[in-house]
Amino acid sequence: AELFEKAGHRVFWISRPASVLNLFQPHYGPWVQGALRGVKKTRGVLSLTPFTFLPYIRIFPFNTAFVGKHYLRFCIPPIDSILKSHSFDTVDVLIISDPSLLYLTNIVHYKTLVVRIVDDLAGVPQQMRSILALQHILIQKADHVFVTSKELFKYATSNKEVFRYFPNAVDFEYFTK
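Residues numbered from 1 in each chain as written. Predicted model: local features only at pLDDT ≥ 70, side-chain atom pairs only at ≥ 80, totals over all residues. Heavy atoms only, no water.

Caption draft 1: View of the pairing of strand E7 (residues 109–117). Pairing of strand E6 (residues 90–96) with E7 involves six bridges; the strand directions are parallel. Residue pairing across strands places Val 93 opposite Thr 112, the latter belonging to E7. Pairing of E7 with strand E8 (residues 144–147) involves four bridges; the strand directions are parallel. Within E8, the residue paired with Arg 116 across the bridge is Phe 146. (Pairing = 2+ DSSP bridges. Helix = DSSP H or I, 4+ residues; strand = E, 2+ residues; numbered from the N terminus.)

Printed below as a string of structure tokens:
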């Protein structure tokens, strides 16, 4: 994010949301507090940990693809209004690394969608297999898919031409020009 900002691009980083359930887990305290603070700016990069009333977690029925597709709709304040207030409702490039942020593709107007796959999600616990469905939808929508290992090309089923291999998903030669 900082490399993009240093190259003159405006950057808004959105993390996986904290939820109501995290309020009852003391070790999540700082994360939840950060979510409740709203947008923060660090070295030119805007960042947000949203707060949602509908958690996407390993417990049924909160582990379904339906919840994964829609849980960002239940953020307080609404995530679309936050993005709009910072002029990020329309962007040139939308980069998504976390499939659970799929909903952003419905509320952000983008010219190019880049999906970054850094982990083999086939190894996630059975309770969260719905994350694979979200990743599949993102891959189908993507203009470019960056993978950090050649093994992750296995997700290039019907959209192979958009896959690119970048170790650590960064082309340092490009960014150091």
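Caption draft 2: Highlighting the sheet that holds E7. Reading across the sheet, the four strands line up as E6-E7-E8-E9 and stay open at both edges, with parallel pairing between neighbours. Of all the strands in the sheet, the pair left with one neighbour each is E6 and strand E9 (163–165). Taken over all neighbouring pairs, the strand axes of this sheet differ in orientation by 20° on average, direction set aside. Bridge analysis of E8 against E9 gives three bridges, and the strand direction is parallel. For Val 147, the partnering residue across the bridge sits in E9 and is Tyr 165. (Axes fitted to C-alpha atoms, helices over the stretch in contact; angles between N-to-C directions.)

Caption draft 3: Up close: the layout of surface pockets. Estimated volume of the second largest pocket: approximately 640 Å³. Lining the second largest pocket are 31 residues, with Arg 16, Tyr 56, Ile 57, Arg 58 and Met 128 positioned closest to its centre. Secondary structure elements with two or more residues in the lining of the second largest pocket: E7 and helix H6 (130–141). Split by residue class, the lining of the second largest pocket holds 20 nonpolar, six polar and five charged. (1 Å grid on protein atoms, 1.4 Å probe; cavity = no way out; pocket = protein on both sides within 12 Å on 5 of 7 lines; lining within 4 Å. Points joined across faces, edges and corners; volume = space filled by probe spheres on them. Nonpolar A, V, L, I, M, F, W, Y, C, P; charged D, E, K, R; others polar.)

Caption draft 4: Just the nonpolar core, in detail. Within the largest apolar cluster, 41 residues are counted, with the highest numbers of intra-cluster contacts made by Ile 79, Leu 83, Leu 104, Val 145 and Phe 163. Elements that contribute at least two residues to this core include exactly strand E1 (12–14), strand E4 (45–48), helix H4 (79–85), E6, helix H5 (104–107), E7, H6 and E8. Take this core: its biggest share by element is four residues, from H6. (Core = buried A, V, L, I, M, F, W, Y, C linked by side-chain atoms within 4.5 Å. Buried < 20%, exposed > 50% of the residue type's maximum accessible area, 1.4 Å probe, protein only.)

Caption draft 5: Fine view of a nonpolar patch on the surface. A cluster of nonpolar side chains, Leu 21, Leu 23, Phe 24 and Leu 36, forms an exposed patch at the surface whose accessible area comes to about 440 Å². The topology assignment puts Leu 23 in the loop between strand E2 (18–19) and helix H2 (29–37). Leu 23 sits in the partly exposed class, given a relative accessible area of 48%. (Patch = residues over 30% accessible without salt bridge, like charges linked within 9 Å, V, L, I, M, F, W, Y side chains within 5 Å. Areas by Shrake-Rupley, 256 points an atom, 1.4 Å probe, with all protein chains shown as cover. Salt bridge = Lys/Arg side-chain N within 4 Å of Asp/Glu carboxyl O.)

Caption draft 6: Molecular detail of the side chain of Asp 98. Take Asp 98: it is sitting in the loop between E6 and H5. In this structure the side chain of Asp 98 is engaged in a polar contact, spanning 2.9 Å, whose partner is the side chain of Ser 100. If near-sequence neighbours (up to four positions away) are discounted, Asp 98 is found in contact with Arg 16, Ile 131 and Leu 138. (Polar contact = N/O pair within 3.5 Å; in protein donor to acceptor, adjacent residues only side chain to side chain. Contact = heavy atoms within 4.5 Å.)

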